[in-house]
Amino acid sequence: MEFLFIDHRHPLFSVAMLLLVVAVVALANYWWGLLRRRDQDKKLSRFLSRFEADRKARDYKSVLSLQPDSTDSLMLLASIYYKSGEYSEAIKIYLALLEILANKSVRVDVMVLLGRTYHKAGFMKRSRDILLDALKIKARNPEALEILLVIYEQMREFNAALEVLEALEELGRDTTRARAFLQAGSIVSSAALSDEHKRERLLALWQRAPFLSRQVLEFFFNTHVGEAWRQVDASRAKAAMDLFWRLPRDRFNETEACKHPFLRQLYTAKGWIDAASESEVFEFSLLIALGEKREMADLEFEYICSECMGEYPLYFHRCPGCMAVGTARVQPILTARSEGGHEASAAFY
Ligand SMILES: [Zn+2]
C-alpha cells in the first residue's frame, strides 16, 4: 500500500498523474462518442420516418408549410422526376411550390418549369395557359417563349406562333429556321390558298430554306407528284431517302428516277428497277448484292438529330429532344422483311 502514499516530489508521482489524466480523457471520449452516436441515430430515425411519411402522403404542400427552407430540395426533386419522365410527380411539386412561394421572380421560374412539364406530359392547353400567365408577369422571358412557340406549332396556330417568333427576335434569338418552318406549315395547312398558290409559295420558300426538302417533297408527292419529280436533285433525294423508299408504287416515275444516280441505286436496292450494281449507301449495296433474294430483306429508317444526336423512330421537323428545327438526319437500317411486305408510310395520304 505504500505506492498510495507516494510523496508528490517522488518521480513516480508525475507518472501516476499522467496515467490518471490519460484514463480520464479516454473515458470522456468514450462517453462523448456514445452520446453523439445516440443523437445521430435519433436524427436519422426522425429523418427516415419523415421521409416515409412524405412518400406515403405525397403531400409536398404540407412539407413546404412545415419546412419552408425545403424549397430548393423540392425543386431538385422535381427536376429529377422531370428528367426521369415522371411528369405527374414533377407537376405536383411545382403546383405545391406555386401555392407557397411569395417571391415573384422565383414564382415565374416555377411557372415556366410547370409549363415545360405540362408540355412534355402532353397537356398543351394547360402548358400554354401557365406560360402566358408567366409572360404577363415577365414579358421578356425567352425560355417561356421558346416553349410557347413549340406549343403553337404543334397546335397549328401559326399566326400566334409567328407573334411569339417576333418576341424572340426582339430578344436577339436567331429564328431564321423556325420562321421558314412556320411559313411552310402555314402555307401547307392554309384553307384560303389554292393548291397552285401553295405550290408557288412553297417553291419560293424552298429556294431560301433548302433544309425544308423533306417537308416540301412530302407535300408535293401528295398533291403535285409531277412537281415533286421535277424538283428532285441529289441532295434533296438523299435528305428524303425514306420518303422515296416508302413512295406508293403508283407515284413512282421510272424515267425521272433514272435521271439521278442516287435514286437509281435506291430503286435498284428496292427491286423496282435494275439500274445499278452497287451504291454509295452500304445498306443499298447489300440489298443490290442479294439479287433475287432481296425480297427477304427490307429497310427501316431512324432519324438522328444532328444537334443533340438523339435517335428517334419517326421523322421530325423539330427535334423532340432539343427542339432544334431541320436537324433530322435519315439513317437506313437493314431488317428482315415482314410478312405484310412494305409498311405503309404515314407521310402519304
Ligand atoms: Zn435534338
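Reading the values: rules and limits
- Residues numbered from 1 in each chain as written.
- Predicted model: local features only at pLDDT ≥ 70, side-chain atom pairs only at ≥ 80, totals over all residues.
- Helix = DSSP H or I, 4+ residues; strand = E, 2+ residues; numbered from the N terminus.
- Buried ≥ 20, exposed ≤ 12 C-beta atoms within 10 Å, placed from the backbone.
- Contact = placed C-beta atoms within 7 Å.
- Pairing = 2+ DSSP bridges.
- Axes fitted to C-alpha atoms, helices over the stretch in contact; angles between N-to-C directions.
- Parallel < 35°, antiparallel > 145°, perpendicular 65-115°, else oblique.
- Left-handed = near helix turned anticlockwise from the far one by under 90°.
- Nonpolar A, V, L, I, M, F, W, Y, C, P; charged D, E, K, R; others polar.
- Core = buried A, V, L, I, M, F, W, Y, C linked by C-beta atoms within 7 Å.
- Expected span 1.5 Å × (residues − 1).
- Arc of directions from axis to C-beta.

**Some thoughts on the overall build of the chain**
When its secondary structure is counted, the chain shows 17 helices and three strands. Of all 349 residues assigned to the chain, the portion counted as buried reaches 28%. Summarising the internal contacts of the chain: among those between residues at least 6 apart in sequence, 45% fall at separations of at least 24.

**Looking at the sheet that holds strand β3 (residues 328-336)**
Here three strands make up an open sheet; going across it, the order is β2-β1-β3 and the pairing antiparallel. Lying at the two open borders of the sheet, with one neighbouring strand each, are β2 (311-312) and β3. In the sheet, strand β1 (residues 297-305) pairs with β2 via two bridges, with the strands oriented antiparallel. Residue pairing in the sheet places Y303 in a bridge with Y312 of β2.

**Brief notes about the environment of R179**
With respect to the element layout, R179 can be found in helix α9 (residues 176-189). Given 18 C-beta atoms within a 10 Å radius, R179 is considered partly exposed. Along the primary structure R179 and L162 are separated by 17 residues, whereas in three dimensions their C-alpha atoms are 7.3 Å apart.

**Things to note about the packing of α9 against helix α10 (residues 195-208)**
Where α9 contacts α10, the axes come no closer than 10 Å and their chain directions differ by 170°. When the axes of α9 and α10 are compared, the pair comes out roughly antiparallel. Facing α9, whose interface residues are A180, Q183, A184, I187 and V188, α10 presents K198, R201, L202, L205 and R208.

**Quick word on the pairing of β1**
Across nine bridges, β1 lies against β3 in antiparallel orientation. Its bridge partner being in β3, F301 is matched across the sheet by P332. Counting the residues in the hairpin turn of β1 and β2 gives five residues, including M309, whose phi is positive at 65°.

**Brief notes about the packing of helix α4 (residues 87-100) against helix α5 (residues 104-121)**
Close contact between α4 and α5 brings their axes to 9 Å; oriented N to C, the two are set at 155°. If you check the angle between α4 and α5, you find them roughly antiparallel. The two elements α4 and α5 cross, and the hand of that crossing is left-handed. Residues Y87, S88, A90, I91, Y94, L95, L97 and L98 of α4 pack against R107, V110, M111, L113, L114, T117, Y118, K120 and A121 of α5. Residues that form the contact of α4 with α5 fall into these classes: 13 nonpolar, two polar and two charged.

**Here's the deal with the nonpolar core**
Among the nonpolar cores identified, the biggest contains 70 residues, and Y94, L148, L149, F244 and L266 are the most heavily contacted of them. Counting residues per element, this core draws most heavily on helix α7 (residues 142-154), which supplies eight residues. The residues touching F244, leaving out its near neighbours within four places in the chain, are A237, L263 and L266.

**What to know about helix α8 (residues 158-170)**
Given a rise of 1.5 Å per residue, 13 residues ought to cover 18 Å, and the 19 Å separating the end C-alpha atoms of α8 matches this to within 8%. For α8, every residue scored as buried is listed here: F158, A161, V164 and L165. An end-on view of α8 places all buried positions within 115° of arc, on one side of the element. Facing away from the buried side of α8 by more than 90 degrees, the exposed set consists of N159, E166 and E170. Packing partners of the buried residues in α8 comprise α7 and α9. With its phi angle positive at about 90°, G172 sits one or two positions after the end of α8.

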